[in-house]
Amino acid sequence: MAIRVYNTMSRTKEDFVPREPGKVAMYVCGPTVYNHIHVGNARTFLSFDVIRRYLMWRGYEVTFVQNITDVDDKIIKRAQEEGRSPAEIAETYTLAFRSAMDALGVLPPTRQPLATQTIPDMIAMVERLIERGHAYVVDGDVYFSVRSYPGYGELSGRDIDELEAGARVEVDERKQDPLDFALWKAAKPGEPHWPSPWGEGRPGWHLECSVMSERELGVPFDIHGGGSDLVFPHHENERAQSEAATGKQFVRYWMHGGMLQIDSEKMSKSLGNFLLLKDVLAKHPAAVIRMLMLQTHYRSPLDFSDARLDEAAAALERITNAVRNLQWAVETAGGGPGASSDARSALADAVREARQRFEEAMDDDFNTAGALAAVFELGRKCNAFLAENASVLAADDRAVLVDAAAAIRELLGVLGIELQPAEREAEPSADVIGMARDLAGYSGSDPDEALRALLAAREAARAERNWEAADAVRDALGVLGYAIEDTPQGPRVVRRGGDWG
RNA sequence: GGCGACGUGGCCAAGUGGCAAGGCAGGGGCCUGCAAAGCCCUUAUCCCCGGUUCGAAUCCGGGCGUCGCCUCCA
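Here is a short report on the structure shown in this document. Keep in mind it's a predicted model, so treat the numbers as computed, not measured.

1. Topic: the sheet that holds strand β8 (residues 201-203)
Then, number 1: Read from one edge of the open sheet, four strands run β5-β6-β7-β8, paired in antiparallel fashion. Looking along the sheet, the strands with just one partner apiece sit at the ends: β5 (135-138) and β8. Sheet twist, expressed as the average angle between the axes of neighbouring strands with direction ignored, equals 20°.
Then, number 2: As defined by bridge partners, β5 adjoins strand β6 (residues 141-144) across four bridges and the pair is classed as antiparallel. Bridging across to β6, Val137 finds its partner in Val142.
Then, number 3: Strand contacts of helix α4 (residues 119-131): β5, β6, β7 (181-186) and β8, with the helix running at about 125° to β7, the strand carrying the most contacts.

2. Remarks on the packing of helix α1 (residues 39-57) against helix α13 (residues 398-414)
Then, number 1: For the pair α1 and α13, interaxial distance at closest approach is 8 Å and the crossing angle is 130°. Judged by the angle between their axes, α1 and α13 are oblique. Contact residues: Val50, Arg53, Tyr54 and Trp57 in α1; Glu410, Leu411, Gly413 and Val414 in α13.
Then, number 2: Taken together, the residues of the contact of α1 with α13 sort by class into five nonpolar, one polar and two charged.

3. Concerning helix α9 (residues 286-294)
Then, number 1: In terms of burial, α9 is largely enclosed, as nine of its nine residues are buried.
Then, number 2: Restricting attention to buried positions, one finds in α9 the residues Ala286, Ala287, Val288, Ile289, Arg290, Met291, Leu292, Met293 and Leu294.

4. Topic: the nonpolar core
Then, number 1: The biggest cluster of nonpolar side chains holds 97 residues, and the ones touching the most others in it are Phe16, Met26, Leu55, Leu104, Phe358, Phe366 and Leu401.
Then, number 2: Residue assignment places this core across two domains, with domain 1 (4-283) and domain 2 (319-419) each supplying three or more.
Then, number 3: Non-local contacts of Leu55, meaning those with residues more than four positions away in its chain, are made with Ile3, Phe16, Val24, Met26, Tyr60, Val62, Ile223 and Phe366.
Then, number 4: Core analysis: the next-biggest nonpolar cluster, separate from the first, contains 41 residues, Cys29, Ala135, Val251 and Trp254 among them.

5. Some details on the environment of Ala240
Then, number 1: If you trace the backbone, Ala240 turns up in helix α7 (residues 231-246).
Then, number 2: Residue Ala240 is classed as buried on the basis of its relative accessible area of 0%.
Then, number 3: Here the alpha-carbon distance between Ala240 and Phe250, two residues ten residues apart in the chain, equals 8.8 Å.
Then, number 4: Residues within four places of Ala240 in sequence aside, it is in contact with Phe144, Tyr149 and Tyr152.

6. Section: the pattern of salt bridges
Then, number 1: For the structure on display, the rule yields 41 salt bridges.
Then, number 2: Put simply, Glu216 and Arg111 hold a salt bridge, and the shortest N to O gap is 2.5 Å. One end of the pair, Glu216, is in helix α6 (residues 205-217); the other, Arg111, is in the loop between α3 (86-104) and α4, and 105 residues separate them in sequence.
Then, number 3: Between Arg215 and Glu216 there is a salt bridge, with its nearest N and O atoms 3.5 Å apart.
Then, number 4: Members of the salt-bridge network, linked through shared partners, are Asp73, Lys185, Glu191 and Arg202.

7. Some words on the sheet that holds strand β4 (residues 61-66)
Then, number 1: Spatially, four strands are ordered β4-β3-β9-β10 in an open sheet, and the strand pairing comes out parallel. Looking along the sheet, the strands with just one partner apiece sit at the ends: β4 and β10 (251-257). Averaged over all pairs of adjacent strands, the angle between their axes in this sheet comes to 20°, without regard to strand direction.
Then, number 2: Note: strand β3 (residues 23-28) against β4, six bridges, orientation parallel. Across the sheet, residue Met26 finds its bridge partner in β4, namely Phe64.
Then, number 3: Those strands touched by α1 are β3, β4, β9 (221-227) and β10, and its axis lies near 175° from that of β3.
Then, number 4: Strands β3, β4 and β9 of the sheet are contacted by α6, whose axis makes an angle of about 160° with β3.

Conventions we followed
- Residues numbered from 1 in each chain as written.
- Chains lettered and ligands numbered in written order.
- Predicted model: local features only at pLDDT ≥ 70, side-chain atom pairs only at ≥ 80, totals over all residues.
- Heavy atoms only, no water.
- Pairing = 2+ DSSP bridges.
- Helix = DSSP H or I, 4+ residues; strand = E, 2+ residues; numbered from the N terminus.
- Axes fitted to C-alpha atoms, helices over the stretch in contact; angles between N-to-C directions.
- Contact = heavy atoms within 4.5 Å.
- Parallel < 35°, antiparallel > 145°, perpendicular 65-115°, else oblique.
- Nonpolar A, V, L, I, M, F, W, Y, C, P; charged D, E, K, R; others polar.
- Buried < 20%, exposed > 50% of the residue type's maximum accessible area, 1.4 Å probe, protein only.
- Core = buried A, V, L, I, M, F, W, Y, C linked by side-chain atoms within 4.5 Å.
- Domains from an automatic or database assignment.
- Salt bridge = Lys/Arg side-chain N within 4 Å of Asp/Glu carboxyl O.

Right under this line is the structure:
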């Protein structure tokens with residue numbers, strides 16, 4: 001079965017056929033580095049990270065290019081406000097962007113070109129456009145002539161004449177048409193500038209993506225992504241420039257993500273209702289943020305709130321508990337008569353079904369919500385199997401349990417949701433030594449031993465039905481962030497509210 | 001004003017013609033010394049009104065509502 005992709009251009013889902021079998025060339029518009037990115041920006045980057053990961057998982061070799069816009073009006077403005085150079089501002093927020101992406105678990109791009117390092121190619125494209133009659137020079141500025149490109153408006157579904165009728169753009173008498181946009185801007189005093197055939201200046205915003213994507217990937221490349229607010233005018237303009245300059249198709253599949261909202265309104269800098277990604281990451285694990293965002297389809301609007309974050313955390317805990325329960329069963333299996341062969345094969349079937357449902361959902365325009373449902377369903381079936389069979393497991397029941405846990409981890413991994421390895425769950429801290437002295441008469445200095453001593457003391461108390469003493473141990477460990485769970489195979493210790501993800 | 005998207009249980013959310021996934025929250029039961037984890041059960045006239053069809057959440061028309069783009073914006 002083919003992967004289906006919703007193409008903004010055709011407004012339908014299409015079979016995904018890359019230009020070269022087995023390889024995918026994709027480009028996602030990166031940030032303008034004048035500030036920290038907010039959670040809305042992050043959602044788009046997260047969506048395309050998952051699309052990329054899924055394509056890789058399906059066996060494609062993916063070349064993923066994302067630009068950094070490091071020259072722009074807003075950077076210049078910010079620099080003037082802070083009394084720093086535009087280059088310093090750009091560098092500061094480029095580094096901040098990379099580290100925030102890394103913290104969110106977004107894979108680094110295959111290549112990440114900077115606008116300022118692509119200036120000669122941009123000048124070359126402007127020259128090409130002038131030669132072909134698609135651009136004109138006015139006082140050191142160069143404008144693209146939208147009327148010269150017949151396909152203008154096709155991507156965003158707009159009609160030039162209607163656009164002009166409703167246009168709120170300030171009329172610039174120097175433009176031949178109000179919709180014409182700047183390819184190259186003459187530098188004002190104090191602004192960054194580069195030499196060009198039209199005088200000192202800097203590139204327009206739309207130009208850089210056209211140039212960097214073509215240089216890194218060639219045209220047409222397979223997927224061009226961004227937020228839905230980039231469809232017009234940014235991507236419309238990119239397409240017009242590139243196709244006018246090359247005479248070739250620019251992009252095979254245009255993909256756009258839905259907006260993140262707060263109280264049903266788009267999160268944006270201008271409304272002031274934004275949360276910085278770094279601030280949210282300081283309070284919530286990346287896995288929780290990813291879980292929240294991936295429970296909604298990438299093209300739908302998504303309301304962001306603390307309540308939603310808490311729900312996502314609970315959902316993630318449910319699935320991590322399922323994996324933990326499986327691992328505990330694997331560790332303690334043995335000695336019993338074993339699960340029935342029916343039960344065992346039913347679980348094996350559940351694993352197979354989950355993989356299949358996951359893939360079907362993701363093949364259908366990257367339906368992460370459906371894919372997650374398949375994982376949750378598998379988690380529930382695993383727990384049900386354990387509820388039924390945990391006390392009778394034999395050593396040869398382990399394989400299917402290991403398979404199930406591996407499947408859950410693998411599938412979540414495709415979504416970039418990493419579960420912490422179980423071994424690291426309950427590394428005891430030095431605090432337990434003192435506690436073991438007080439409550440279990442422990443006299444050594446090894447945290448692991450101390451923890452075992454505490455558990456033994458509690459078990460002894462329980463055997464004597466001395467609930468007060470037993471609960472004292474449990475409560476004391478609870479204060480340190482450990483929870484004791486009694487199972488048919490004995491007590492186990494898990495970390496609560498730890499640093500999952 | 002123009003263009004577009006969306007409206008599914010208390011909340012969130014999949015699902016584009018054939019008995020309505022999943023998560024969160026609530027209720028009941030089971031397991032447990034008590035817990036925790038978990039299992040089972042439990043809640044839907046799919047915004048409204050028409051139409052097409054043997055059959056519609058799904059297709060068509062109208063209405064109401066929400067959001068986005070049309071200006072920098074992920």
